Protein chains: 2
Amino acid sequence: MLRHVHVFVQLKEGVLDIQGKTVANSLVSLGHDSLGSAKVGKYIQLWIEADSAAGARKEAEQMCDDLLVNPIIEQYRIEVEGE
Amino acid sequence: MLRHVHVFVQLKEGVLDIQGKTVANSLVSLGHDSLGSAKVGKYIQLWIEADSAAGARKEAEQMCDDLLVNPIIEQYRIEVEGE
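Structural notes, computed from the coordinates.

Quick notes on the rules
- Residues numbered from 1 in each chain as written.
- Chains lettered and ligands numbered in written order.
- Predicted model: local features only at pLDDT ≥ 70, side-chain atom pairs only at ≥ 80, totals over all residues.
- Heavy atoms only, no water.
- Helix = DSSP H or I, 4+ residues; strand = E, 2+ residues; numbered from the N terminus.
- Buried < 20%, exposed > 50% of the residue type's maximum accessible area, 1.4 Å probe, protein only.
- Contact = heavy atoms within 4.5 Å.
- Phe/Tyr/Trp six-rings, centres within 6.5 Å; stacked < 30°, edge-to-face > 60°.
- Pairing = 2+ DSSP bridges.
- Axes fitted to C-alpha atoms, helices over the stretch in contact; angles between N-to-C directions.
- Buried area = accessible area lost by both parts, 1.4 Å probe.
- Salt bridge = Lys/Arg side-chain N within 4 Å of Asp/Glu carboxyl O.
- Polar contact = N/O pair within 3.5 Å; in protein donor to acceptor, adjacent residues only side chain to side chain.

1. Some remarks on the side chain of histidine 4 of chain A
All names here are of chain A. Along the chain, histidine 4 turns up in strand S1 (residues 2-11). Accessibility expressed as a relative area gives 16% for histidine 4, which makes it buried. Residue contacts for histidine 4: discarding those within four places in its chain leaves Gln45, Leu46, Trp47, Glu79, Val80 and Glu81.

Here it is in structure tokens:
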């Protein structure tokens, strides 16, 4: 069964988020004074053939380690639908 | 109070997701045969000063319309912590 997996990748604390700062500055200059700060990361969806949600999570973690996430500067969180 | 808002931006159905296809092809070539397909989008976090979660959601929607999302090819979903 194909499992729908959501992967949220963001920069680790302390890593300069240039995109986030640029977005924040632009929004404030557009008049959004209520904005404190912004962070920009990657939202990756994966459809993985797996017998269980846990199995899909394990595959997705391996995919993150193999390709999707740079462990030096990035961290990630996974949600598996139906878990 | 600063509200933590999560914005998930992805391409609309029917829009060619070149990044998603590239990621999928790379993962399969790395041996991840269980992968059906992949989609790549943006994960934007916003910290917004607002009296209520609903107020923060409204501000975030306006920010999406003003800058963060291209309505022609993208769609988005918002989650406000504490909603």
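There is more to say after this.
2. Thoughts on the packing of aromatic side chains
Under the counting rule described, the total for this entry stands at five aromatic pairs over all chains. Between the aromatic rings of tyrosine 43 of chain A and phenylalanine 8 of chain B, the centroid separation amounts to 5.4 Å while the plane-to-plane angle is 55 degrees, which identifies the pairing as tilted. Of this pair, tyrosine 43 of chain A sits in strand S2 (residues 35-49) while phenylalanine 8 of chain B sits in strand S1 (residues 2-11), each in a different chain. Take tyrosine 43 of chain A and phenylalanine 8 of chain B: they sit in the same class, and that class is buried. Pairing phenylalanine 8 of chain B with tyrosine 43 of chain B gives two aromatic rings, centres 5.5 Å apart and planes at 0 degrees, and the pair type is stacked. Of this pair, phenylalanine 8 of chain B sits in strand S1 while tyrosine 43 of chain B sits in strand S2 (residues 35-49), and the two are 35 residues apart along the sequence. Relative accessible area serves as the criterion here: at 2%, tyrosine 43 of chain B is assigned to the buried category. Within the aromatic cluster, the residues linked to one another by ring pairs are Phe8 and Tyr43 of chain A together with Phe8 and Tyr43 of chain B.

3. Details of the sheet that holds strand S3 (residues 74-80) of chain A
A sheet is described by the order of its strands in space; here six strands give the open sequence S3(A)-S1(A)-S2(A)-S2(B)-S1(B)-S3(B), paired in antiparallel fashion. If you trace the sheet from one side to the other, it starts and ends with S3 of chain A together with strand S3 (74-80) of chain B, each paired once. The sheet shows a mean angle of 25 degrees between the axes of neighbouring strands, taken without regard to direction. Examined bridge by bridge, S1 of chain A and S3 of chain A share seven bridges and lie antiparallel to one another. The residue of S3 of chain A that forms the bridge with histidine 6 of chain A is glutamate 79 of chain A. Strands in contact with helix H1 (residues 18-29) of chain B are S2 of chain A together with S2 of chain B; relative to S2 of chain B, the strand with the most contacts, it is inclined by about 125 degrees.

4. Some thoughts on the interface of chain A and chain B
Every contact between the two is made by 33 residues of chain A and, on the other side, 33 residues of chain B. Across the interface of chain A and chain B, roughly 2,700 Å² is buried in total on both sides, 62% from carbon and sulfur atoms. Of all residues in chain A, Ser34, Tyr43 and Trp47 of chain A bury the most surface against chain B, accounting for 22% of the area lost on that side. Remark: the boundary between chain A and chain B carries zero salt bridges. Scanning the region where chain A abuts chain B turns up 20 residue pairs in polar contact (both at pLDDT 80 or more).

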